[in-house]
Amino acid sequence: MPPWLSDLLWTYQNVLVALGVNGLLALSMYVVLAAGQLSLGQAAFMGLGAYASALLSLRLHWPFWLVLPLSPVVPVGFALLVGGPTLRLSGIYLAIATIGLGEVLRAVYLNVDALGGALGLSGIPEAAPLWLIYLVLAASLFVLWQVGRSRIGRAMEAMRGDARTALAMGVNVRRYRLATLAASAALAGLAGALSAHATDFIGPSDYGFETAVSILSFALLGGVASPFAPVLGAAVLTLLPEALRGFADLRLVLNGLVIVLAVLFLPRGILPWRMRRSAA
Amino acid sequence: MTLLTVRGLTRRYAGLVAVDRVDLDLPARGVHALIGPNGAGKTTLFDLISGLVIPSAGRIVLDGQDITALPADARARGGLARTFQAIRLFGAMTVLENVLTGLHPHLSAPLPAIVLHLARLRREERNAVARAHEALALVGLEQRAGERAAALSYGEGRRLEIARAMAGAPRLLLLDEPAAGLNPAETVSLGVLIRTIVAAGTTVLLVEHDMVFVMGLAETVTVLNFGRRIFHGPPAAARGDKEVIAAYLGARVAARFAAASPP
Ligand SMILES: Nc1ncnc2c1ncn2[C@@H]1O[C@H](COP(=O)(O)OP(=O)(O)OP(=O)(O)O)[C@@H](O)[C@H]1O
Ligand SMILES: [Mg+2]
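Structure report, in brief.

The rules behind the values
- Residues numbered from 1 in each chain as written.
- Chains lettered and ligands numbered in written order.
- Predicted model: local features only at pLDDT ≥ 70, side-chain atom pairs only at ≥ 80, totals over all residues.
- Heavy atoms only, no water.
- Helix = DSSP H or I, 4+ residues; strand = E, 2+ residues; numbered from the N terminus.
- Buried < 20%, exposed > 50% of the residue type's maximum accessible area, 1.4 Å probe, protein only.
- Contact = heavy atoms within 4.5 Å.
- Buried area = accessible area lost by both parts, 1.4 Å probe.
- Salt bridge = Lys/Arg side-chain N within 4 Å of Asp/Glu carboxyl O.
- Polar contact = N/O pair within 3.5 Å; in protein donor to acceptor, adjacent residues only side chain to side chain.
- Pairing = 2+ DSSP bridges.
- Axes fitted to C-alpha atoms, helices over the stretch in contact; angles between N-to-C directions.
- Patch = residues over 30% accessible without salt bridge, like charges linked within 9 Å, V, L, I, M, F, W, Y side chains within 5 Å.
- Areas by Shrake-Rupley, 256 points an atom, 1.4 Å probe, with all protein chains shown as cover.
- Lys, Arg positive; Asp, Glu negative; His and termini not counted.
- Charge placed at Lys NZ, Arg CZ, Asp CG, Glu CD.
- Phe/Tyr/Trp six-rings, centres within 6.5 Å; stacked < 30°, edge-to-face > 60°.
- Donors = N, O, S within 2.8 Å, 3.2 Å for Na, K, Ca; no water.
- Expected span 1.5 Å × (residues − 1).
- Parallel < 35°, antiparallel > 145°, perpendicular 65-115°, else oblique.
- Left-handed = near helix turned anticlockwise from the far one by under 90°.
- Near = heavy atom within 4 Å.
- Nonpolar A, V, L, I, M, F, W, Y, C, P; charged D, E, K, R; others polar.

## Side note on the overall build of chain B
Next, step 1: Across its full length, chain B holds ten helices and ten strands.
Next, step 2: With the C-alpha coordinates of chain B rotated into their principal frame, the extents come out at 65 × 40 × 40 Å.
Next, step 3: Here chain B holds 263 residues, and the buried ones make up 54% of them.
Next, step 4: Within chain B, contacts between residues at least 6 apart in sequence are counted, and of these 66% link residues at least 24 apart.

## Structural notes on the interface of chain B and chain A
Next, step 1: Between chain B and chain A, the contact holds 34 residues from the first and 30 residues from the second.
Next, step 2: Summed over both partners, the interface of chain B with chain A comes to about 2900 Å²; 60% of that surface belongs to carbon and sulfur atoms.
Next, step 3: Viewed at the interface, chain A and chain B are joined by four salt bridges.
Next, step 4: Connecting chain B to chain A are nine residue pairs in polar contact (both at pLDDT 80 or more).
Next, step 5: Those elements giving two or more residues to the side of chain B that touches chain A turn out to be helix H2 (72-77), helix H3 (95-102), helix H4 (111-115) and helix H5 (119-139) of chain B.
Next, step 6: No other element matches H5 of chain B, which puts five residues into the side of chain B that touches chain A.

## Focus on the sheet that holds strand S1 (residues 2-13) of chain B
Residues and elements named next belong to chain B.
Next, step 1: Pairing is antiparallel in the open sheet, where four strands are placed in the order S2-S1-S4-S5. At either end of the open sheet lies a strand with only one pairing partner, and these are strand S2 (16-27) and strand S5 (65-66).
Next, step 2: Bridge analysis of strand S4 (residues 57-62) against S5 gives two bridges, and the strand direction is antiparallel. The residue bridging Val61 from the neighbouring strand is Asp66, located in S5.
Next, step 3: Against the sheet, helix H1 (residues 42-50) touches S1, S2 and S4, its axis set at about 115° to S1.

## Topic: H3 of chain B
Next, step 1: In terms of burial, H3 of chain B is largely enclosed, as eight of its eight residues are buried.
Next, step 2: Of the residues making up H3 of chain B, those classed as buried are Val95, Leu96, Glu97, Asn98, Val99, Leu100, Thr101 and Gly102 of chain B.
Next, step 3: Packing partners of the buried residues in H3 of chain B comprise helix H8 (151-161) of chain A together with H5 and helix H6 (154-166) of chain B.

## Here's the deal with the sheet that holds strand S10 (residues 228-233) of chain B
Residue and element names in this part refer to chain B.
Next, step 1: Strand order across the open sheet formed by six strands is S6-S7-S8-S3-S9-S10, with mixed pairing between neighbours. Two strands lie at the open edges of the sheet, namely strand S6 (80-82) and S10, each paired on one side alone. Here the average twist between neighbouring strands, direction ignored, is 20°.
Next, step 2: In this sheet, strand S7 (residues 172-176) lies alongside S6 in parallel orientation, the contact comprising three bridges. Residue Arg82 lies in a different strand from S7, and its bridge partner there is Leu174.
Next, step 3: The strands touched by H6 are S6 and S7; relative to S7, the strand with the most contacts, the crossing angle is about 160°.

## So, a positive patch on the surface
All names here are of chain B.
Next, step 1: Residues Arg120, Arg122, Arg123 and Arg126 make up a contiguous surface patch of positive charge.
Next, step 2: With respect to the helices and strands, Arg122 occurs in helix H5.
Next, step 3: Look at Arg122 and you get partly exposed, because its relative accessible area is 35%.

## As for the packing of aromatic side chains
Residues and elements named next belong to chain A.
Next, step 1: A complete count under the given rule lists four aromatic pairs over all chains for this structure.
Next, step 2: Arranged with centres 6.4 Å apart and planes meeting at 75°, the rings of Tyr51 and Tyr207 form a pair that is edge-to-face. A residue pair is termed long-range when its members are at least 10 positions apart, and Tyr51 in helix H3 (residues 42-59) and Tyr207 in the loop between strand S2 (201-202) and helix H11 (209-222) qualify at 156 residues. Summarising the burial analysis for this pair, Tyr51 and Tyr207 share the class buried.
Next, step 3: Between Trp145 and Trp273 the ring centres are 6.2 Å apart and the planes differ by 5°, which places this aromatic pair in the stacked class. Of this pair, Trp145 sits in helix H7 (residues 130-148) while Trp273 sits in the segment after helix H13 (248-265), and the two are 128 residues apart along the sequence.
Next, step 4: Residue classification places Trp273 among the exposed residues on the basis of a relative accessible area of 52%.

## Re the coordination of the magnesium ion (ligand 2)
Next, step 1: Of the protein atoms, only Thr43 of chain B (OG1) and Gln85 of chain B (OE1) coordinate the magnesium ion (ligand 2), at distances of 1.9 to 2.1 Å. With Thr43 of chain B in helix H1 and Gln85 of chain B in the loop between S6 and H3, this residue pair connects regions lying 42 residues apart in the sequence.

## Some thoughts on H6 of chain B
Next, step 1: For H6 of chain B, built from 13 residues, the straight-helix expectation of 18 Å at 1.5 Å per residue is met to within 8% by its first-to-last C-alpha distance of 19 Å.
Next, step 2: As for H6 of chain B, its buried residues are in contact with helix H9 (163-168) of chain A together with S6, H3, H5, S7 and helix H7 (184-199) of chain B.

## Quick look at the packing of H5 of chain B against H6 of chain B
Each pair of packed helices gets described by two things: the angle between the helix axes and the distance between those axes.
Residues and elements named next belong to chain B.
Next, step 1: At their nearest, the axes of H5 and H6 sit 9 Å apart, and the two run at 140° to each other. Regarding the angle of H5 to H6, the classification is oblique. Considering the relative orientation of H5 and H6, their crossing is right-handed. On H6, the residues that touch Ala135, Leu136, Leu138 and Val139 of H5 are Arg159, Leu160, Ile162, Ala163 and Met166.

## What about the site of ligand 1?
Residue and element names in this part refer to chain B.
Next, step 1: Around ligand 1, a shell composed of 13 residues is seen, among which Gly39, Lys42, Thr43, Thr44 and Gln85 lie nearest.
Next, step 2: In the environment of ligand 1, an oxygen atom lies 2.8 Å from a nitrogen or oxygen atom belonging to the backbone of Gly39.
Next, step 3: At 2.8 Å, a side-chain N or O of Thr43 approaches an oxygen atom of ligand 1.
Next, step 4: Here ligand 1 loses 62% of its free accessible area of 640 Å² to cover by the protein chains.
Next, step 5: Going through the elements one at a time, S2 and H1 are the ones with two or more residues in the shell around ligand 1.

## Describing the packing of H3 of chain B against H5 of chain B
Residues and elements named next belong to chain B.
Next, step 1: H5 packs onto H3 with a crossing angle of 110° between their chain directions and a minimal axis gap of 9 Å. Of the possible angle classes, the one that applies to H3 and H5 is roughly perpendicular. Where H3 approaches H5, its residues Val95, Leu96, Val99 and Leu100 are matched on the opposing element by Ala128, Val129, Ala132, His133, Ala135 and Leu136.
Next, step 2: In terms of residue class, the contact of H3 with H5 is built from nine nonpolar, one polar and no charged.

Here you go:
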């Protein structure tokens, strides 16, 4: 590696990690939105992946190549637990239940000593190199692209447009809702494990409501016309604050402004190019 | 042979019975019409048969199988297809993708084959696209396959709904007012289309207000009024039936009163 490149990577290490992790989180949001659901549990699922993987590394000293593939297990379990009962209710209940999950988990992390309490968990091995984060992101994009142009992608778009008609066309709407929520939790779990093992420290307040909203804003800004759209949204919202570092006070305001303007004037996001849903 | 049997089918809403103890026996093959004044319960009966509305009482049997407890998607998989009174297309999708969505229950390539784009998936998709093009050709929309569904005219949208429903070669096709809003020429070609569909082996049950259209097409007519079945038999006999005349006359007189009364 040429020295200028390693200098660059070192200087921007944190930004590059955030860019990759937020891309994964944006995909996690995309998977549920693309099927017409609103879940606000992405931060909670990320936290579950982060805590579970950090504990496996710290307490059991499992190698990361084993920990990472297992990191979706706990978040997916919780997703099915929360998502299952809300399926029969109207969509808003999933949003409420997943917000509740995030708040409950925050209290649990905060008050259980074995989970580090208010201090969180530190000394997590820095086992997730940049290339691995981007490999997982690229693989996820690839899988979602392939799925998006298959019968599954068509069923998801049909559900998003009109769940009743999709049902009449033979789409098993409930199963798709649960499966997309589980896939979303799995992606967030991977993002959590990767970020925990890239920064060495995680805390109980990293995965709260504020994080949930910023993950939502990735997909709102990017749109859900293709899996690339939310990733682009995440990139903009990750890099914008960096570019505005000089105006620290204005950062949050500008961030919020971008979201409001995007929702008002670009309801289909900044990348409305729609992927073809036919794999023939 | 009987394709569809309905017994005592009832749907209550707060303060009214939309469908009231309806019995129905549809022979396999042919066109059957369901008529009745506005609010008679025709769409609700379609919703009950297709599984979008849960019955308060009664049973539905399709081809010897009791489907009363099956969810709508399972009924679609079992060969039951429908269109809607108000067009319900997936507007952002292309015309072709809409029809492919109608084929959803017939596609089964597993997730690994989809992700890895294996031969099995490619073959299945190719076949699906070919079938979808056939369905589009049936309704005369094959030239529009790549366009957004929302760009279609009203009459084309109606035909796309039929293509989407027909793609999977259903045993029973429910058409809810397919001729509504069509001009006379379009109505004529709709009649031709329905005859083609029936000739291919699909049984059609349609809701229609245009009595001339019904008379020329349907083998049997079922008349609903206030949720109740008041007539079932050949169309010619329906015209002479006292109760049917009273129902339609009653509706017309009521409409005239409503129009004449001050706002
Ligand atoms: N979800 C619902 N809640 C309450 N009442 C309903 C509901 N759906 C239908 N109804 C009522 O049930 C009755 C039958 O309605 P339906 O739509 O089945 O009639 P229809 O015969 O299709 O009429 P039209 O010719 O106007 O389409 C009407 O009085 C309607 O207002
Ligand atoms: Mg109706």
